[in-house]
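Observations on chain architecture
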Amino acid sequence: MRVNSENLISALRQQLTHYEHKLQVEEVGSVVEVGDGIARVDGLRGVMSQEIVEFPGEIMGIALNLEEETVGCILLGPDEEIQEGDKVRRTERIAETKVGEGLFGRVITPLAEPLDNGPPIATEQTRPLEVKAPGVTERQPVTEPLYTGLKAIDAMTPIGRGQRELIIGDRQIGKTALAIDTIINQRDSDVRCIYVAIGQKLSTVRRIATILHQHDALQYTCIVAAGASDPAALLYIAPFAGCTIGEYEREAGRHALVIYDDLSKHARAYRELSLLLRRPPGREAYPGDIFNLHSRLLERACKLSDQRGSGSLTALPIVETQEGDYSAYIPTNVISITDGQIYLEPELFHEGVRPAINVGLSVSRVGGAVQPRMMRQVSGQLRTDLASYREYESFTRFASELDERTRQILAHGQRMVEVLKQRQYGPMSSVDQTIALFGGTRGHWDDIGPERIGELEPKLIDFIHQQYPEIIQKLESTEELDDETAQELAAAIEEFKEALRKQ
């Protein structure tokens, strides 16, 4: 077959006309040492802090230690296939994760890869894992409530949108359950939720996802999971990924709630990485910048100013204590960063008080600024009454005879403890909470046996909803308990009690 020379020359000329000489410069380093999820790399002179670098086998790492001769990288995947001398390439991208609408209703890794056997995440938008927190002039005071649906919290340690409230206590006493209840209670609000599971078993994460799905809460929730078997690097970046997803909602003028469960495991993962990177250890072998790490994370939660869109990001970090020692290093660090703490006490939990909130050690530094007036009116004396009850109870264990005043304080306190008990996954609206607390604080339950209050309280609320809807409407519209409404509510409760006596 003969080749037409003119056609060949024409084709060559056309190729030469469109030829562009492009010089592609790529900075490549080599692995000096690898093991335990850490790699030391030589040759990456221009690498940036927190930059993603690529190892053989498409394994990614993050440059964390920028030393004079080498770069210390944390690996986001297995290190078994990486050998000494392997080439490492810069990506010139700072560590980032995906953000956007497609993440909600899904269970993902900190790198936004699906863990729920669903389709790939339907969003291409990304944001850096670490950004500078908004300055003072970009924020506004926290004045809008974020209801948890739990009487003990909404009455005594209220949380506002943009606040950082710590949940602290020993293991297995209801910290996660409290956080899940708060997510479920956002069903009828405009708050998006991000639950960050750090170092938990994937079976536990799956159970939480199932509970949220059963209560129609998964559709507005994104679960970011770094499992117990994952590399320490994934545990380290997990809360930053969750915060980034919430920040995207906040910057768009919406409201988000992020829960870090828990920062104790996060601190241990960071300690492991720091020791492997040969950073000097400090107290309890934690690195010296552990406080800075958590403050960088938690300071990003705030309520933005009107000029920035008025969006908010609320943070509920969880910290686990050992044997009730809330004065340990990590608990005291996080307490000093946050705007208050909810302390769960093991003794109360084992006595059957659920949620097991210690009134004396729990506080919200935002306080009544975010509470509706009706809640302040029914809970004003609640903390004092409970503190008096606990004090008298401790003394009366050694007393044989009690005077009438002491008996009244103990009887009223017992009933208030029962009023504040609440079943799991059963959050209540603020109006229902007001009715329940009104019955307790105004003494309407004092002639009812404390063992019956848990059974009668939901019946009372149903009775008022059905027989006195005007009271419900008035409380919902005004969020205030004026004298007239208080008299009507008191009469309704007495009518309910009278009907009980006739049964």
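Right, let's walk through the structure included here. Bear in mind that the values here come from a model prediction, so they are computed numbers and not experimental data.

1. Things to note about the overall build of the protein chain
Counting its secondary structure elements, the protein chain contains 16 helices and 16 strands. For the protein chain, buried positions account for 52% of its 503 residues. Considering only residue pairs separated by 6 or more positions, the protein chain has 73% of its internal contacts joining residues 24 or more positions apart. Accessible surface, the protein chain: about 24,000 Å² in total, of which carbon and sulfur atoms supply 48%.

2. Considerations on the pairing of strand β11 (residues 191-200)
Counting buried residues in β11 gives 10 out of 10 residues, a clear majority hidden from the surface. Here β11 runs beside strand β13 (residues 255-261); their pairing, made up of seven bridges, is parallel. By the bridge assignment for β13, V196 is matched with Y260. Pairing of β11 with strand β12 (residues 221-227), which is carried by seven bridges, proceeds in the parallel orientation. Within β12, the position partnered with Y195 by the bridge is I223.

3. Topic: the packing of helix α3 (residues 175-184) against helix α4 (residues 202-214)
Two elements in contact, α3 and α4, have axes separated by 10 Å at closest approach and are oriented at 30 degrees. With respect to the hand of their crossing, α3 and α4 are arranged in right-handed fashion. Across the interface between the two elements, T176, I180, I183 and I184 of α3 pack against I208, I211 and L212 of α4. Looking at the contact of α3 with α4, its residues break down into six nonpolar, one polar and no charged.

4. Some remarks on the nonpolar core
Core analysis: the largest hydrophobic core is formed by 77 residues, its most contacted members being I183, L212, I435 and I464. For this core, the element with the highest residue contribution is helix α16 (residues 483-502), accounting for seven residues. Residues contacting I183, with those up to four places away along its chain left out, are C193, Y195, L212, A217, Y220, T221 and I259. One finds A112, I121, L263 and L293 within the second-largest nonpolar core, a separate group that totals 57 residues.

5. A few points about the packing of aromatic side chains
A complete count under the given rule lists six aromatic pairs for this structure. Ring centres of Y286 and Y329 lie 5.9 Å apart, and the angle between their planes is 55 degrees; this geometry places the pair in the tilted category. Of this pair, Y286 sits in the loop between α6 (263-276) and α7 (290-298) while Y329 sits in helix α8 (residues 329-337); the two residues are 43 residues apart in sequence, bridging distant segments of the chain. Accessibility assignment for this pair places Y286 and Y329 in one class, buried. Relative to F496, the ring of F463 lies with its centre 5.6 Å away and its plane at 50 degrees, an arrangement referred to as tilted. Here the residue F463 occupies a position in helix α14 (residues 450-467), and F496 occupies one in helix α16, the gap between them amounting to 33 residues. Here F463 matches F496 in class, with each residue buried.

6. With respect to the sheet that holds strand β15 (residues 340-344)
Spatial ordering of the open sheet is given by β8-β12-β11-β13-β14-β10-β15-β16, a layout of eight strands whose pairing is mixed. Among the strands making up the open sheet, the edge pair consists of β8 (107-108) and β16 (363-364). Strands in contact with α6 are β11, β13 and β14 (312-320); relative to β14, the strand with the most contacts, it is inclined by about 75 degrees. Set on the sheet, α8 makes contact with β10 (166-169), β14 and β15; between it and β10 the angle comes to about 155 degrees.

7. Here's the deal with helix α11 (residues 382-396)
For α11, spanning 15 residues, the distance from its first C-alpha to its last is 21 Å, which sits close to the expected 21 Å at 1.5 Å a residue. Along α11, the residues that are buried comprise L382, L386, Y389 and T396. Buried positions in α11, seen along its axis, are confined to an arc of 100 degrees and lie on one side of it.

8. A short note on unusual backbone geometry
Here the residue pair D261 and D262 is connected by a cis peptide bond, since its omega of 0 degrees sits within 30 degrees of zero. Counting through the fold element by element, D262 comes out in the loop between β13 and α6. Looking along the chain, the bond that leaves R354 and enters P355 is cis, with omega of 0 degrees. Unlike most non-glycine residues, E58 shows phi in positive territory, near 60 degrees. Tracing the chain through its elements places E58 in the loop between β3 (51-55) and β4 (59-66). The exposed category is assigned to E58, whose relative accessible area is 67%. For E284, which is not glycine, the phi dihedral falls at a positive 55 degrees. Position of E284 among the secondary structure elements: in the loop between α6 and α7. Owing to a relative accessible area of 43%, E284 belongs among the partly exposed residues under this scheme.

9. Some details on the sheet that holds strand β2 (residues 38-42)
Spatial ordering of the closed barrel is given by β1-β2-β5-β4-β3-β6, a layout of six strands whose pairing is antiparallel. For this sheet, the mean inter-axis angle between neighbouring strands, taken without regard to orientation, is 45 degrees. With four bridges connecting them, β3 and β4 associate as antiparallel partners. Each bridged residue has a counterpart across the sheet, and for E54 the counterpart in β4 is M60.

10. Some points on the environment of Y195
Inspection of the secondary structure puts Y195 in strand β11. On the accessibility criterion, Y195 (0% relative accessible area) is buried. Residues Y195 and T221, spaced 26 residues apart in sequence, show a C-alpha to C-alpha distance of 7.2 Å. Once residues lying within four places of it in the same chain are set aside, the contact partners of Y195 are T176, I180, I183, Q200, I208, C222, I223, V224, I259 and D261. One polar contact links Y195 to Q200, side chain to side chain, over a distance of 3.2 Å.

The rules we used
Residues numbered from 1 in each chain as written. Predicted model: local features only at pLDDT ≥ 70, side-chain atom pairs only at ≥ 80, totals over all residues. Heavy atoms only, no water. Helix = DSSP H or I, 4+ residues; strand = E, 2+ residues; numbered from the N terminus. Buried < 20%, exposed > 50% of the residue type's maximum accessible area, 1.4 Å probe, protein only. Contact = heavy atoms within 4.5 Å. Areas by Shrake-Rupley, 256 points an atom, 1.4 Å probe, with all protein chains shown as cover. Pairing = 2+ DSSP bridges. Axes fitted to C-alpha atoms, helices over the stretch in contact; angles between N-to-C directions. Left-handed = near helix turned anticlockwise from the far one by under 90°. Nonpolar A, V, L, I, M, F, W, Y, C, P; charged D, E, K, R; others polar. Core = buried A, V, L, I, M, F, W, Y, C linked by side-chain atoms within 4.5 Å. Phe/Tyr/Trp six-rings, centres within 6.5 Å; stacked < 30°, edge-to-face > 60°. Expected span 1.5 Å × (residues − 1). Arc of directions from axis to C-beta. Polar contact = N/O pair within 3.5 Å; in protein donor to acceptor, adjacent residues only side chain to side chain.

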